[in-house]
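Structural overview for review
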Amino acid sequence: MSAVTHVDVPAQDGGIRLSDADRAQGMRLLNEQVAAGCLTSEEFADRAIQLEHERTRAELLAPFRDLPQPRPSFDDAVPAERPTALPPAEPARPTPHLRYLITAVVAPCAIVGALTGLESAAAEPSLLLASLVVAGLYLVQLVAGYLSAR
């Protein structure tokens, strides 16, 4: 059995909190120690529980204090810069085919509605004026839509 050695942790690393990657590395290295025969399954279980409760890098090294290499190491390299967000996409415009389809459906409905209004207007002359105004506004919007699409 190897002699117990003390793991020295630089003062600046002792207070740095662990990341999930640090804990995963510690767990992987504990598994390697079991595979090498340096730990029993009971010792592994105790140290794995201890490792899950550790909060700092200095504490993470404690379960490895009496084990040979490998031990957790911490790479303080600056993480790669995250890609910037893509510019917002332009709102989708309806395709000309969709515009034509909408016109093909809406125009006959408007015509039927206008004719129904004219029929009702025969009985009531004030409805005739209202029907003509609505039909005129629809035609103006339809022509303006076609002109703006060009």
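Here the structure is shown first, and the text comes after it.
Notes on the structure in this doc start here. The structure displayed is predicted, hence computed values, not measured ones.

**Quick word on the nonpolar core**
Residues Leu18, Leu29, Leu30, Leu39, Leu51, Leu60, Leu61, Phe64, Leu67 and Phe74 constitute the largest nonpolar core, which totals ten residues. Those elements that place two or more of their residues in this core are α2 (20–35) and α4 (57–61). Residues within four places of Leu60 in sequence aside, it is in contact with Leu18, Asp22, Leu51, Glu54, Pro72 and Phe74.

**Observations regarding the environment of Glu52**
Assignment of secondary structure puts Glu52 in helix α3 (residues 41–53). Linking Glu52 and Ala24, residues 28 residues apart in sequence, is a C-alpha distance of 9.5 Å. The contact partners of Glu52, leaving out residues within four places of it in the chain, are Arg23 and Met27.

**Brief notes about a nonpolar patch on the surface**
A cluster of nonpolar side chains, Leu98, Leu101, Ile102, Val105 and Val106, forms an exposed patch at the surface whose accessible area comes to about 420 Å². As for its placement among the helices and strands, Ile102 is situated in helix α5 (residues 96–123). By relative accessible area, which is 45% here, Ile102 ends up partly exposed.

**Points about the pattern of salt bridges**
Considering all chains together, one arrives at two salt bridges under this definition. Between Arg28 and Glu32 there is a salt bridge, and its shortest N-O distance comes to 2.9 Å. Pair noted here: Arg28 and Glu32 are both in helix α2, with a separation of four residues, about one helical turn. What makes Arg28 partly exposed here is its relative accessible area of 43%. Judged by relative accessible area, Glu32 falls into the partly exposed class, the value being 34%. The shortest N-O distance in the salt bridge between Asp66 and Arg47 comes to 2.8 Å. Here Asp66 is found in the loop between α4 and α5, whereas its partner Arg47 is found in helix α3, with 19 residues between them in sequence. For the pair Asp66 and Arg47, a shared accessibility class is recorded, and that class is buried.

Reading guide: rules and limits
Residues numbered from 1 in each chain as written. Predicted model: local features only at pLDDT ≥ 70, side-chain atom pairs only at ≥ 80, totals over all residues. Heavy atoms only, no water. Core = buried A, V, L, I, M, F, W, Y, C linked by side-chain atoms within 4.5 Å. Buried < 20%, exposed > 50% of the residue type's maximum accessible area, 1.4 Å probe, protein only. Helix = DSSP H or I, 4+ residues; strand = E, 2+ residues; numbered from the N terminus. Contact = heavy atoms within 4.5 Å. Patch = residues over 30% accessible without salt bridge, like charges linked within 9 Å, V, L, I, M, F, W, Y side chains within 5 Å. Areas by Shrake-Rupley, 256 points an atom, 1.4 Å probe, with all protein chains shown as cover. Salt bridge = Lys/Arg side-chain N within 4 Å of Asp/Glu carboxyl O.

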